[in-house]
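Structure assessment
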Amino acid sequence: MPLIYINAPVGTFEPAKRDELADTLTTIALDAESLPNTPFVRSTTWIYFRDYDDGTVYHGGKPGGRKVISIEVNAFQGGLDAMAKKKLISGFTGAIAKTLGLKQADLVPVYIVLRDVPTIDWGVFGETITLDDLRNPAADAAPI
């Protein structure tokens, strides 16, 4: 049930590519967290693309530079162990490279920050939710 923010300069991702990338990242995140890939659990994953205009992105203290993408992933504490984090970082980086049409030898301009959030600090529709609630949802759980 990650909450993901993708920050990039304007024009980095074409709208159709965003749709494909969001679907791919959702699948990668659920797999890394060992969550079932069901319509309900997929519906608990949110991705926000945030575009930044020229002059609002600085690299080395100067405007412009490389078109670096930063991804912030908020996930339940305990949902990602060290191996799962490596899997998520590698998978996300590969998905970005593919979306941008980069070759295998190219440097992929992406920074990823993972945040482990205690479930007591994560509210959904006025309630808290646990990792177990997502790993073992009711068979008839409808997407939200």
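First things first, this report covers the structure right here in the doc. None of these values were measured; they are calculated from a predicted model.

Our next topic: a nonpolar patch on the surface. On the surface, a nonpolar cluster with roughly 500 Å² of combined accessible area is contributed by Trp46, Tyr48, Phe125 and Ile144. Within the secondary structure, Phe125 sits in the loop between β7 (123-124) and β8 (127-128).

Okay, helix α1 (residues 15-32) next. With 18 residues, α1 ought to run about 26 Å at 1.5 Å a step, and its terminal C-alpha atoms sit 26 Å apart, in line with that. Residues of α1 that are buried include every one of Arg18, Leu21, Ala22, Leu25, Thr26, Ile28, Ala29, Leu30 and Ala32, and no others. Buried positions along α1 lie against β1 (3-9), α2 (39-42), β2 (46-52) and α3 (82-100). One or two steps after α1, the chain reaches Ser34, where phi turns positive at roughly 60 degrees.

With that settled, the discussion passes to the pattern of salt bridges. Under the defined criterion, the tally for this structure stands at six salt bridges. Its salt-bridge partner being Asp23, residue Arg42 comes within 2.6 Å of it at the nearest N-O pair. Taken together, the residues span a long stretch of sequence, with Arg42 in helix α2 and Asp23 in helix α1 at a distance of 19 residues. Classification of Arg42 as partly exposed rests on a relative accessible area of 22%. The partly exposed category is assigned to Asp23, whose relative accessible area is 44%. Close ionic contact of Lys87 with Asp31 constitutes a salt bridge, the shortest N to O distance being 2.6 Å. Taken together, the residues Lys87 in helix α3 and Asp31 in helix α1 connect sequence positions 56 residues apart. Through salt bridges that share partners, Arg50, Glu72 and Arg115 make up one connected network.

Conventions we followed
- Throughout this document, residue positions are counted from 1 along each chain, in the order its sequence is written.
- Thresholds applied to this predicted model are a pLDDT of at least 70 for local features of residues and 80 or more for the giving and counting of side-chain atom pairs; totals over whole chains, interfaces and linings are not thresholded and use all residues.
- Excluded from the side-chain calculation are hydrogens and water; included are all heavy atoms of the structure.
- Patches here: salt-bridge-free residues with over 30% relative accessible area, like charges joined within 9 Å, nonpolar side chains (Val, Leu, Ile, Met, Phe, Trp, Tyr) joined within 5 Å.
- Residue exposure ignores everything except the shown protein chains as possible cover, and the areas themselves are Shrake-Rupley values with a 1.4 Å probe.
- For this analysis, a salt bridge means a side-chain nitrogen from Lys or Arg found within 4 Å of a carboxyl oxygen belonging to Asp or Glu.
- Strands are runs of DSSP state E lasting at least two residues, helices are runs of H or I lasting at least four, and both sets are numbered from the N terminus onward.
- Expected span of a helix: the number of residues minus one, times 1.5 Å.
- When a residue's accessible area, from a 1.4 Å probe over protein chains only, is under 20% of the maximum for its type it is buried; when over 50% it is exposed; and in between it is partly exposed.
- Contacts were defined at the residue level, with two residues in contact if any of their heavy atoms lie within 4.5 Å.

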